[in-house]
Amino acid sequence: MDQITALTEPGLPLKEWWHTATAYQIYPRSFSDSDGDGIGDIAGIISRLDYLKNLGIDVIWLSPIYRSPMDDNGYDISDYRAIAEEFGTLDDFDRLVAEAKARGIGIILDLVVNHTSDEHPWFVQSRTGVQDNPYRDFYIWRKPLTDGGPPNDLQSSFGGPAWTFDEASGEYYLHLFSRRQPDLNWENPRVRAEIYSMMNWWIDRGIAGFRMDVIDYIGKDADQKIVTDGPQLHTYLQEMNAATYGHRDLLTVGETWSATPQTAMLYSSRDRAELSMVFQFEHVTLQWDVLYGKWRPKPLDLVALKTVLGKWQRALETDGWNSLFWGNHDLPRAVSRYGDAAGYRVESAKMLATVLHLLKGTPFVYQGEEIGMTNVPFTTIEQYRDIETLNMHKLHLDAGRLADDFLKGANESSRDNARTPMQWSNEAAGGFSSGIPWIEVNENYKSINAADSVADTSSIWHHYRRLIALRKTHPVIVYGKFESWLDDDPNVFVYSRTLGTSCLVVIANFKPQPQSIEIPADIRIIGVCLSHNYEPRELGAPRLELKPYEAFAVLQT
Ligand code: GLC
């Protein structure tokens, strides 16, 4: 994490270790199973650390590993200070932190504090029905309306009402996700104190930071139906910062579906002492249907995508910081969504990596993306495991949608696309487990797997490795000013990054058809080719003929 010392040119902005870092997200359940129970675990992760070190990773974001009934695969926590039995023990976790550190890798934990599991002792106490139980006010309880109905029509992200009636206490509790994920009452100072103390407990175990689950929800005002960007959101984040990581050198990234460039500045501006950065999702949601959302996605509109990415690059140019990602455990596989998994899988996966990794911000690679893993072609709903997909299937069918039509949407957008086991080799179950995986392995593991990718220097994996290394050696990639070109071109993305006398130009064809483009007069394609997904080409000509999904970057110094 000290590569930053290589970037000590005078006049550059304030530097943080995470400016040059590349992060890698692990979904523990699906990453590597060491004991053959079909579920990934911490010992499995440890056994793969060298793989990540060789890729050049600095930080691992671990999706939740805490004790949980796994209603939402660990995003429903029943004990914040224990490890889920299927993942291992606290000793395993400490060993993971130490082994990762020995390889220069930090571990960031998923902080899920908008809600707990309904099996968390706080909620068990809270729902005992005793109004003066000190834990009653740890959650959000409301009396029924006179007709017995819920206080309002807030909806859960997983479908259906966000209020569930609790017979024992005669009141409704709020859950913006599943019924088994009751929302914590952040207005209660005791809740906040418990959470900060828990965060410090993990910080003291040597972690490198937190990814904060739906953190834009914590300032909510449920009665006014204000969920994101609630009145107390930033007050709480500043309080959290001061009480926990503020005086330590950690990376904090908030999951904020609601973020705009303006609110991103509130979260990540240096003076505000809140977070290092946020995940924004504008480039994701712009592809959703007005009515069916992600369950009937629209075809990719490159002009709109470029507009969004460019807007975020410009907005956080001098303060704040961007995170960069195509995928995560809630999103489809990048190459299936933005590229061409059937026709040009290798070319388009490399193209997408080139475009993302040469932008300004901290890139996050989602497990399997570095070998070009694809969406999974499940043919029946029974193959799905994800609570959101299963709930939505029921709701859509109840509303009259045809099962096949829903399945088509799920094939494109279900969270399970990202959750099939990591494909390590062409052995049984893709080398993920010696047992039967908790969710089916994508059958293409025989041709798409890490062992083959690492062995082939022209693979997607090696392309990622080179891009990750470039960020460590070229300050222009870390701090260069972003400008975009040919904004109206629906097929090609052209941008430049400039820092001092260095100018990096990135050109990417997002289509399976060849493209012919006129190079804008203001930029010149001369210098050293830093990255290419085809054979290096001759540079300098005013017109370019681009091959399908061709992408390259040229540095002029
Ligand atoms: C976040 C997580 C998602 C989870 C939800 C509820 O969006 O990324 O996986 O289901 O929060 O915790």
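None of these values were measured; they are calculated from a predicted model. (Residues numbered from 1 in each chain as written. Predicted model: local features only at pLDDT ≥ 70, side-chain atom pairs only at ≥ 80, totals over all residues. Heavy atoms only, no water.)

**Here's the deal with the site of the ligand**
Near the ligand lie 13 residues; those nearest to it are Asp-72, Asp-213, Glu-255, His-329 and Asp-330. In the environment of the ligand, an oxygen atom lies 3.0 Å from a nitrogen or oxygen atom belonging to the side chain of Arg-211. One of the side-chain N or O atoms of Glu-255 is found 2.8 Å from an oxygen atom in the ligand. Protein chains bury 97% of the 310 Å² of accessible surface belonging to the ligand in isolation. Broken down by class, the residue content of the shell around the ligand amounts to four nonpolar, two polar and seven charged. (Near = heavy atom within 4 Å. Polar contact = N/O pair within 3.5 Å; in protein donor to acceptor, adjacent residues only side chain to side chain. Areas by Shrake-Rupley, 256 points an atom, 1.4 Å probe, with all protein chains shown as cover. Nonpolar A, V, L, I, M, F, W, Y, C, P; charged D, E, K, R; others polar.)

**Description of the packing of aromatic side chains**
Counted under the stated rule, the structure contains 36 aromatic pairs. Note on Trp-201 and Trp-202: the rings are 4.9 Å apart at their centroids and 90° apart in plane angle, and the pair reads as edge-to-face. Here Trp-201 falls in the partly exposed class, since its relative accessible area comes to 24%. Judged by its relative accessible area of 0%, Trp-202 falls in the buried class. (Phe/Tyr/Trp six-rings, centres within 6.5 Å; stacked < 30°, edge-to-face > 60°. Buried < 20%, exposed > 50% of the residue type's maximum accessible area, 1.4 Å probe, protein only.)

**Here's the deal with the domain arrangement of the chain**
Per the domain assignment, the segments of the chain are domain 1 (2-8 + 18-117 + 189-379 + 415-464), domain 2 (121-174), domain 3 (380-414) and domain 4 (480-556). Computed over C-alpha atoms, the centres of domain 2 and domain 4 are 56 Å apart. (Domains from an automatic or database assignment.)

**Digging into the sheet that holds strand E2 (residues 59-62)**
Pairing is parallel in the open sheet, where eight strands are placed in the order E11-E10-E9-E5-E2-E1-E13-E12. The open sheet has two edge strands with one neighbour each: strand E11 (277-279) and strand E12 (323-324). Here four bridges tie strand E9 (residues 209-212) to strand E10 (residues 251-255), and the two strands are oriented parallel to one another. Bridge pairing in E10 links Arg-211 to Val-253. (Pairing = 2+ DSSP bridges. Helix = DSSP H or I, 4+ residues; strand = E, 2+ residues; numbered from the N terminus.)

**Looking at the environment of Gly-430**
Positionally, Gly-430 belongs in the loop between helix H13 (403-413) and helix H14 (450-455). Taking C-alpha positions, Gly-430 is 10.0 Å from Ala-451, a pair spaced 21 residues apart along the chain. Non-local contacts of Gly-430, meaning those with residues more than four positions away in its chain, are made with Met-422, Gln-423, Trp-424, Ser-425, Val-441 and Tyr-445. (Contact = heavy atoms within 4.5 Å.)

**Structural notes on the sheet that holds strand E16 (residues 502-509)**
Taking strand neighbours across the sheet as the criterion, the five strands line up as E14-E15-E16-E20-E18 in an open arrangement whose pairing is antiparallel. Strands at the two margins of the open sheet, each flanked by one partner only, are strand E14 (481-485) and strand E18 (528-532). Taking each pair of neighbouring strands and ignoring which way they run, the sheet shows an average axis angle of 20°. Along the sheet, helix H11 (residues 345-357) makes contact with strand E15 (492-499), E16, E18 and strand E20 (551-556), crossing E16 at roughly 145°. (Axes fitted to C-alpha atoms, helices over the stretch in contact; angles between N-to-C directions.)

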